[in-house]
Amino acid sequence: MNRLNTLSDAVATHARLSPQKLAVRDSRRSLTFAQWHERTELLAQGLQALGLQKGDRVALLAYNCLEWMEMYAALARAGLVAVPLNFRLTAPEIAYIAEHSEARAFIVQDVLASVVEPLRQTLGLEPGAWIAFGDNLPAGWTHYEQLIAQAKEKNQPAATTVLPSDMSALMYTSGTTGRPKGAMRSHEGSTLIALATALEMGFTSEDTALLVMPMCHANSLYFSHTFVHLGATCVIDDRRSFDPEALLATLAAEHVTFTSLVPTHYIMMLGLPEAVKARYDVSAVEKLMISSAPARKETKLAIMDFFKNGKLYELYGSTEAGWVTLLRPQEQIARLGSVGREWAASGPIRLLDAKGNEVPDGEVGELFSHTPYIFDGYWKNPEKTAEAFQGDWCSVGDMARRDADGFIHLVDRKSNMIISGGENIYPSEVEGILGAHEKIKDVAVIGLQHDKWGEAVHAVVVLHHGQTLSEAELIDWCRGRMAGYKRPQTIRFVADSDLPRTATGKILHRILRDQMSASPALA
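Residues numbered from 1 in each chain as written. Predicted model: local features only at pLDDT ≥ 70, side-chain atom pairs only at ≥ 80, totals over all residues. Heavy atoms only, no water.

As a further point, take the side chain of Ser-190. By secondary structure assignment, the location of Ser-190 is in helix H7 (residues 187-201). Not counting chain neighbours up to four residues away, the residues in contact with Ser-190 comprise Ser-168, Arg-185 and His-225. (Helix = DSSP H or I, 4+ residues; strand = E, 2+ residues; numbered from the N terminus. Contact = heavy atoms within 4.5 Å.)

Let us look at the packing of helix H2 (residues 33-49) against helix H3 (residues 67-78). Two quantities define a packed helix pair, namely the angle between the helix axes and the distance between the axes. Closest axis-to-axis distance for the H2/H3 pair is 8 Å, and the angle between their directions is 60°. Here H3 runs oblique to H2, going by the angle between their axes. Relative to H3, H2 is oriented so that their crossing is right-handed. Across the interface between the two elements, Trp-36, Arg-39, Thr-40, Glu-41, Leu-43, Ala-44, Leu-47 and Gln-48 of H2 pack against Met-69, Glu-70, Met-71, Ala-73, Ala-74, Leu-75, Arg-77 and Ala-78 of H3. (Axes fitted to C-alpha atoms, helices over the stretch in contact; angles between N-to-C directions. Parallel < 35°, antiparallel > 145°, perpendicular 65-115°, else oblique. Left-handed = near helix turned anticlockwise from the far one by under 90°.)

When we look at burial in helix H12 (residues 297-306), the residues that qualify are Thr-299, Lys-300, Ile-303 and Phe-306. In a view along the axis of H12, the buried residues occupy a sector of 135°, so they form one face of it. On its buried side, H12 packs onto helix H9 (244-253), helix H10 (263-270), helix H11 (274-277), strand S13 (287-290), strand S14 (311-318) and strand S15 (322-327). (Buried < 20%, exposed > 50% of the residue type's maximum accessible area, 1.4 Å probe, protein only. Arc of directions from axis to C-beta.)

Moving on: the sheet that holds strand S12 (residues 258-261). What the nine strands build is an open sheet, ordered S2-S1-S11-S10-S12-S13-S14-S15-S16; its pairing is mixed. At either margin of the open sheet sits one strand with a lone partner, and together these are strand S2 (30-32) and strand S16 (341-342). Bridge count between S12 and S13: four bridges; the pairing is parallel. Looking across to S13, one finds that Ser-260 is bridged to Met-289. Lying over the sheet, H10 contacts S12 and S13, oriented at roughly 110° with respect to S12. (Pairing = 2+ DSSP bridges.)

We now examine empty space enclosed by the protein. Tallied over the entire structure, the rule returns four cavities of 30 Å³ or more. Empty space within the largest cavity amounts to approximately 760 Å³. Breaking the lining of the largest cavity down by element, the ones donating at least two residues are strand S4 (81-85), helix H4 (91-101), strand S8 (167-174), helix H8 (218-230), S14, strand S24 (423-425) and helix H14 (427-434). Tallied by class, the residues present in the lining of the largest cavity amount to 19 nonpolar, 12 polar and seven charged. Of the pockets and cavities examined, the second largest cavity occupies roughly 100 Å³. (1 Å grid on protein atoms, 1.4 Å probe; cavity = no way out; pocket = protein on both sides within 12 Å on 5 of 7 lines; lining within 4 Å. Points joined across faces, edges and corners; volume = space filled by probe spheres on them. Nonpolar A, V, L, I, M, F, W, Y, C, P; charged D, E, K, R; others polar.)

Right under this line is the structure:
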């Protein structure tokens, strides 16, 4: 029976073909393919020894580090399902995902253990299912390295048959309801997107990729699979905050040939003094990706000027559909404002009106993509799954238009979604938390243009009659209730009559955003 390789299969393949080749490194340590394969097998055995069985979900919480690659491969080997968590989430946000996914274990970096420590008493997991790694391990947790060492002593190979159709990851992405939805990704989908990426962008085993975007995000996850399947090298930027000069130093020292960044990263890097930039030789960089937010013409020109040997790409995609469109190097300036045309191996994009009819070129419709690596639906959410599909075509709610040459132009992203520093922020989720404040009658959250972050979260608040509340007080109240990147940077208090609404009373976010954008730009 023919079948596609999983991630762990790819590691095993290159452990046989190129055992001593560098597979992955971060600032602390590195692994050859042979070493990675051994640790993949042992970690898989250790997890099974805890009683975890094929199909069980395992929540993963860590900053960028080499362990992400070990965990993804080991879970694939054992037939377990990765539930990657954003390290910026608060305990209540993590608790919801853990409960909804029915996670049976956690693997957590030591510095983030305190975030989930309160959940150990409420989630009902087996005591041994709380696993931690790092230099300062919390008391009462199962030690990651000890789990591997014990498996080596027992030497009982992980005997699990994993099929391409089996779920590999459950990736939570917020929606218009304000509650995150779990997108089910299969091993087959993960491998197909890896192969399509290699085909479209011409990657080979000689590449070295620098993974900067969070390893819990689709961007780094999908790109990392590409390089593993090819037997190339992945370097993980494990700094906990973005350092533009350190990034340049890594690009130069590791002879990186590819990296994927958001516009904010490029702006910060290119904004360094010329003398600083001149210290680093980035001539090895051959390909660069820019995504997650619109990029200005001057930003793209500056990127292409600095990376003399680098070709710039821009993609549009989603956790659910994977890569959908690509703006290729020769199209960057001539097609500025477009996200390109269909990715390799994809079917044609459909732009549909409210009745499901295709709209003519130049008119706005809901974007439905047809990719071979599409997700398998939303976990325990058949209604949202049905909404996302029209036959074999998938939508995540983005509105777009197609020009006469077939280039796609996004008009609105997931209705009112805010993109700040590459992070997707859904107003309804933030509004739900703010609305729980006893003094708040109504609230609308929008994104306003920000020179550094692309967009900044802005809340427009209506208070109950007779109540008073300051901007500083409300921002402080938000701490601990939502991740820092979701918290409003600015707040404006208005009368109820100042909020634009539909005839049925729904707030018109787009009109409100236009009104607020007429105010002085946020610094």
